[in-house]
Amino acid sequence: MEDDFGASSTPPFLTESLELAMEVENESSRPSCFSCAFDNQNGGRRFSAESYLASGSLKRVLLRLDPSPNDYEENTVELFGFQWVTETALVESCGFLFGLLRQQIHTLENLVQMSSSDFGQAARLHSEAESIRHQCLKFLHYVKVFIFRYLEPPKVENDGMLHPYEELEAQLPSVLVEELHALTVHTGHLCELPSNVLAAFTIQNQAKVFPPSWHLLHLHLDINWLVLEVLHVLGEKLMRQVVYANHFINLTGENLTSISLFEKHCGNLISDLISLAINKYTKVRPSEALTSSHYPCTCIKELWILLIQLLDHRNKGSHTEGFWSLMNTTLKNIFEQSSTSESVSGFEAVQCKDPLSFSWWIMSHLAPLYQFDRNGNLDEKKQKESNWKFVEELLKKSTDAQTGVLEEHLRMHLQCCLTLCSFWDFNLSIVTILWDYYSKNLNSCFTVPWLGLKDLANVSKTSLSMLELVKRCCCEQQIPSLYKSSNSYFIFLSILARIMKEENNGVHPWKQIKGRIYSKFHRKRMQELTEVGLQNFFNLFLMLAVIVETEDIVSRVLDLLDFLTPSSITMSRRALIWRGHFAFLLIYVEKSMDISALAEKISNAFREKAKEFLVTKNDYTQRQNLWTLLSTYIDGAQEVFETSCYLSLSEEKLLNDGFTMLLPACRGAELSMVLNFLQVVLARLRSVHERVSQGLQLGNTAPDAQIPLVAKEHHLAVASALWRNFFPYLKSQRMSQTPPSPQLADTAAGFTLLALDIPSKALSDLQPQPVLSMMRLFGWDDMVWPQLVSRYLSHLIQNSSLCEAFSSMGYTSYEALTVRSWFRCVLQMFLDQPSGALAKTDAERTVGKAYMEQLTEMTRLIFKLSEVENILLKANVGQSVFKQDPENALVQFIKAVGRTYSGLQTLPEKSAMVAKTLEYLGDVLKYVKPYLKAKGPPEGLQLTYWVIGCLVKFCAPILATSKAQQLLFRIVDCLLLPHSVLQQDKELPVALLSAIQESLPLYLQVIYRYTDKSEEAALATKGSCSEHTQESVAFLLKRRADDVMLLCSP
């Protein structure tokens, strides 16, 4: 019969054979062995150079090459201290040699009892134990070499007569089987070794001095493996003929052959390795299952790899069991043993309290070992044998309701399953099994009590976080960390996502599984879903929408949601549905799909709820419930705008007239949230519009060049929706009774810049110059709160595009009006402070910190204006002026204006400077009127008299001109001669009197200078007013100054 193993003289792997032949000269004569006493950082090796993998021992056995080509080439060989004829020793003295082997093992066992902590003694024992182990290994390797080189198949002469040696040689295979069997019986099971020997697995000694127990333990590993190697080499040499242990059979009546011994020993060895793994598993927590290996040292890991390589190699050429088959048999026996009180024959030592979890654990750790090649090198491209059939059985047990697997164990099981999916090929059956389980348990929370708050990581508060959570299932993850970061349902979704990305013979898995998924959601099932179930429902379909047919899935989800009766949908459940809706919108945006239909559906629902919110003013509970829903919409819409690349997917549908009803009904934090959303949309629209416009200007010819053209149309639609549905409310709030929110100024600035970018869509009452109209409304109107004005202008002063726009309009008063607003903002910084002495606290006596910071920033920006810089330059005032507090900076500016005027020579220049100064000042008395009317607060009065006093003092030549003298008279009348002063029966308020007394010198210096110095009158004649006018001004001022002095005197 033809040999399936390839029994021809030419090895099947010629390349590997040649490579090994070339390496022979460099090989060490030291026999291969198990050793974890090596530096695994040395050369990046994962196994010792003497290991069966790294030394090439396994490869030579599998390729039917000489096991040790450099060894046993002399006529004699030394074994156990005796010289033997190399070519005949095993035939003539097989039993004796194996007896010596057992004797050496016994000697090593005795050394274990003599272990000492004394270093000198320990070194001697190490040397002796190492020598014994070396002799044992040398003999077993010799057995392999002898079989390969010298053993001949039995020859039968015609007369049936054999030479005595030939007769012994013919019996050698049978004797070898008997001796190997006796050796395995003598050594026993690995797991039955004394505890002090098994404890040697944990020994880590960099000095390479090991106790006898370490050598004995590793010798047992060597013997267990070399028995299999010898039996394999024997079978190959005899063309896989069955060798019967005749003497053993005659004595015991039991059948023993080379094949049965190989299979039994493999079974026992795997059973022993599993037993060792079980002992290790008892100390492993479910959360650490994937990070805790099943082998106590690298030698056990190597032994597993050797078994995989050998068993699968034999399985390819015959009907012998492969590695997974033998593993499955062993693990099934563990299940049977755990379910009955009787122990199963051959597996007495294997006992496991949780065989199901252990099976998952051992499977997930064995599967990666298939990545190692015959040299012990990691080869991730190497084809891996799967074991899905057995895993499917495990999954059925894990998800069986009768088994009652807890969530903490189920997570670990699915972690292991996900790990196997990353190593093995496509398998749809596991998805079917898992979906049958989870479809029945959608309402479960899948939490682990002892994880506490960490287990709440899967709760999504926004649509984006909901989507991000699901997208984690669709990408490569650190599987070991999933235990605490994801529940078992999300791990199932990760498995499903991985399967959905594969193709099975050209057929997409989704086409095979979608009917089974959809069929679980009917009207009754949808109505049975709790809020948790609904969350799990969305998680499933969001994950599928990310990977497969998005539109089909979203359409089906909307149909399924229609099964829910409105009366059964609580506000929190509706908020969840809206979050899910927006999560689907985000998927559309990421895939550049138009959101028009989907956005209209959710925005119409928003409009209805906004209307309810408007009419529900006094019902606090109802408002809170509605706001939960409305804030969900705002968050979701904001995430859509922030995610969209071009805003070309009908995002404007989300900005409907529901906001015209929502804004008037908002209070405090509610309004803040809406305005923040509005600012984000404004900024995003401007940014994207600018990017698209630049792309069009560059003449982009790329395939997606049409996108900007479409985008621009949508940008106009978004801008129109913003002006129509948001701006009217903003405009109505600029003159509110209380200081407005800073966000109002920020938003108004955003609309101003939008008017600059897309002027055509501004409201009709702002046309034809919407930017100028916006500045008049929010920046230059004396009736608007200074807090709003200062913050609004701070956004715009340094905007070069805005400056260019005013220049192109020919509007030259832009900077002057801005300075006037700054002037007013500084003077009115105490406007919102209480005027009553009893009402004032320390905090109220000072300007709000935020407003002071805003004024300081505005001052810095004002001093950057070209007109202001020019004045400071002519007055020789340094730029460091603006670094002072706003009040002092304002006084320095007034001084600079006065100096600049004094330095002018021509009448037109002076006349223009007077006009510009009046434009800067505006109706300055109107700014301080609230202080004078309320006679407080003291800080406001002090600021008023001081600043205007400085104005009178440093700009006296300007105020004395015909254009400005009326302002000067009004200053004196309003500030120095208040109406209450004329009422002799009433005393001046303390705060007012104090302000007048402290600032009076500023006024009097100017008044008496004009009246006492005739030279000034002469000079004034050369100025902008006539001598008669100058004298009349001086006369009036002198008279009023005398009155003031009289009234202010004690």
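Residues numbered from 1 in each chain as written. Predicted model: local features only at pLDDT ≥ 70, side-chain atom pairs only at ≥ 80, totals over all residues. Heavy atoms only, no water.

## Regarding the overall build of the protein
The condition is simple: Counting from the N terminus, the helices are DSSP H or I runs at least four residues long and the strands are E runs at least two residues long. Exposure classes here rest on a 1.4 Å probe applied to the protein chains alone. A residue is buried below 20% of its type maximum, exposed above 50%, and partly exposed in between. Only heavy atoms matter for contacts: two residues are in contact if any of them lie within 4.5 Å across the pair. Accessible surface area values rest on a Shrake-Rupley calculation with a 1.4 Å probe, where residue burial reflects the displayed protein chains alone.
From N to C terminus, the protein includes 46 helices and two strands. Counting the 1050 residues in the protein, one finds 54% classified as buried. For the protein, the proportion of contacts with a sequence separation of at least 24, taken over those separated by at least 6, is 77%. As presented, the protein carries roughly 46,500 Å² of accessible surface, and 51% of it is formed by carbon and sulfur atoms.

## Considering the packing of helix α39 (residues 924-934) against helix α42 (residues 965-976)
Helix-helix packing is described using two parameters, namely the angle between the two axes and the distance between the axes. Put simply, the rule is: Axis lines are fitted through C-alpha atoms, for helices just across the contact stretch, and the angle between N-to-C directions can take any value from 0 to 180 degrees. Note that the term roughly parallel is reserved for angles under 35 degrees, roughly antiparallel for angles over 145, roughly perpendicular for angles of 65 to 115, and oblique for everything else.
The geometry of α39 relative to α42 is characterised by a closest axis approach of 11 Å and an angle of 5° between their N-to-C directions. Compared by their axis directions, α39 and α42 come out roughly parallel. Contact residues: α39 offers Val924, Leu925 and Leu932, while α42 offers Leu967, Arg970, Ile971, Cys974 and Leu975.

## Overview of helix α31 (residues 770-778)
Along α31, eight of the nine residues are buried, which leaves the element largely enclosed by surrounding structure. Among the residues of α31, Pro770, Val771, Leu772, Ser773, Met774, Met775, Leu777 and Phe778 are the ones counted as buried.

## Details of the pairing of strand β2 (residues 82-85)
Selection criterion: Each pair of strands is called paired provided DSSP finds at least two bridges between the two strands.
Judged from the four bridges that link them, strand β1 (residues 76-79) and β2 form a sheet pairing that is antiparallel. Note that in β2 the partner of Thr76 across the bridge is Val85. Between the antiparallel neighbours β1 and β2 lie two residues, among them Phe80 with a positive phi of about 55°.

## Considering empty space enclosed by the protein
Threshold: Buriedness for pockets is judged along seven lines, at least five of which must meet protein on both sides within 12 Å for an open set on the 1 Å grid over protein atoms alone, while cavities are sets there where a 1.4 Å probe fits but cannot get out, and lining residues have an atom within 4 Å of a point. Grid points are joined across faces, edges and corners, and a volume is the space filled by probe spheres set on the points. Asp, Glu, Lys and Arg are counted as charged, while Ala, Val, Leu, Ile, Met, Phe, Trp, Tyr, Cys and Pro are counted as nonpolar; the rest, among them Gly, fall into the polar class.
As enumerated under the stated definition, the model contains three cavities of 30 Å³ or more in all. By volume, the largest cavity amounts to about 80 Å³. Around the largest cavity, the lining comprises 11 residues; the ones closest to its centre are Leu231, Gly235, Ser258, Ile259 and Arg314. Counting only elements with at least two residues in the lining of the largest cavity, the list comes to α7 (212-237) and α9 (258-281). Top element by residues in the lining of the largest cavity is α7. It accounts for four residues. For the lining of the largest cavity, the per-class residue count stands at four nonpolar, four polar and three charged. Considered as a void within the structure, the second largest cavity measures approximately 50 Å³ in volume. In terms of lining residues, the second largest cavity is bounded by Phe823, Phe893, Ile894, Val897, Thr917, Tyr920, Leu921, Leu951 and Cys955. Those elements giving two or more residues to the lining of the second largest cavity turn out to be α37 (886-902) and α38 (907-921).

## Here's the deal with the packing of aromatic side chains
Heads up, the condition is: Here the aromatic set is Phe, Tyr and Trp, taking the six-membered ring for Trp, and pairing holds for ring centres within 6.5 Å; pairs whose planes are under 30 degrees apart are stacked, those over 60 apart are edge-to-face, and all others are tilted.
Counting across every chain of the model gives 58 aromatic pairs. Each ring, one from Trp304 and one from Phe323, has its centre 6.0 Å from the other, and the planes form 90°; the classification is edge-to-face. With Trp304 in helix α10 (residues 298-317) and Phe323 in helix α11 (residues 323-339), the pair connects residues that are 19 residues apart, well separated along the chain. Accessibility expressed as a relative area gives 0% for Trp304, which makes it buried. Centroid distance Phe677 to Phe726: 6.4 Å. Interplanar angle 55°. Geometry classified as tilted. One end of the pair, Phe677, is in helix α27 (residues 668-697); the other, Phe726, is in the loop between α28 (706-725) and α29 (727-732), and 49 residues separate them in sequence.

## Details of the environment of Thr291
To keep things clear, this is the line we draw: Side-chain atoms alone can form a polar contact between residues adjacent in sequence; in general such a contact is a pair of N or O atoms within 3.5 Å, and within protein one must be able to donate a hydrogen while the other accepts it.
Considering the arrangement of structural elements, one finds Thr291 in the loop between α9 and α10. Assessed through its relative accessible area of 57%, Thr291 is described here as exposed. Separated by 74 residues in sequence, Thr291 and His365 have C-alpha atoms that sit 9.4 Å apart. Among the polar contacts listed, one links the side chain of Thr291 to the backbone oxygen of Glu288, at a separation of 3.1 Å.

## Topic: the pattern of salt bridges
Working definition: two side chains of opposite charge can pair if their charged atoms are close together. Formally: Salt bridges are identified by distance alone: a Lys or Arg side-chain nitrogen within 4 Å of an Asp or Glu carboxyl oxygen.
In total, this model carries 28 salt bridges according to the counting rule given. In this structure, Glu670 and Arg623 form a salt bridge, with 2.8 Å as the shortest nitrogen-oxygen distance. Separated by 47 residues along the polypeptide, Glu670 in helix α27 and Arg623 in helix α25 (residues 620-643) bring together distant segments of the chain. In terms of burial, Glu670 and Arg623 fall into one category: buried. It is possible to trace a salt-bridge network through shared partners that takes in Glu468, Lys471 and Glu590.

## Details of the packing of helix α18 (residues 488-500) against helix α19 (residues 509-518)
Running from N to C, α18 and α19 cross one another at 140°; their axes reach a closest spacing of 9 Å. Relative to α19, α18 is oriented oblique. Between α18 and α19, the residues in contact are Leu496, Ile499 and Met500 and Pro509, Trp510, Ile513 and Ile517, respectively. Classifying every residue of the contact of α18 with α19 gives seven nonpolar, no polar and no charged.

## A closer look at the confidence of the model for the protein
What counts, and what does not: The predictor rates its confidence in each residue with pLDDT, a number between 0 and 100.
When pLDDT is averaged across the protein, the result is 85; 84% of the residues are at 70 or more. Within the model, the stretch residues 20-28 combines pLDDT values under 50 with 11 contacts to residues more than four positions away or in other chains. Counting contacts from residues 837-841, a segment whose pLDDT is below 50, to residues more than four positions away or on other chains yields seven contacts.

## Notes on the side chain of Ser32
With respect to the secondary-structure elements, Ser32 resides in the loop between α1 (14-23) and α2 (57-62). Ser32 sits in the buried class, given a relative accessible area of 7%. Side chain to side chain, Ser32 and Ser55 meet in a polar contact 2.8 Å long.

## Re the environment of Phe893
Mapped onto the elements, Phe893 comes out in helix α37. On the accessibility criterion, Phe893 (2% relative accessible area) is buried. For the pair Phe893 and Phe823, spaced 70 residues apart in sequence, the C-alpha separation works out to 10.0 Å.

## With respect to the state of the cysteines
As a reminder of what qualifies: Pairs of cysteine sulfur atoms within 2.5 Å are identified as disulfides in what follows.
Per the counting criterion, the structure on display carries zero disulfides. Cys36 takes part in no disulfide bond, and the closest cysteine sulfur to it belongs to Cys299, at a distance of 4.1 Å. A relative accessible area of 18% places Cys36 in the buried class. Cys417 supplies the cysteine sulfur nearest to Cys416, a cysteine that is in no disulfide, at a spacing of 8.7 Å.

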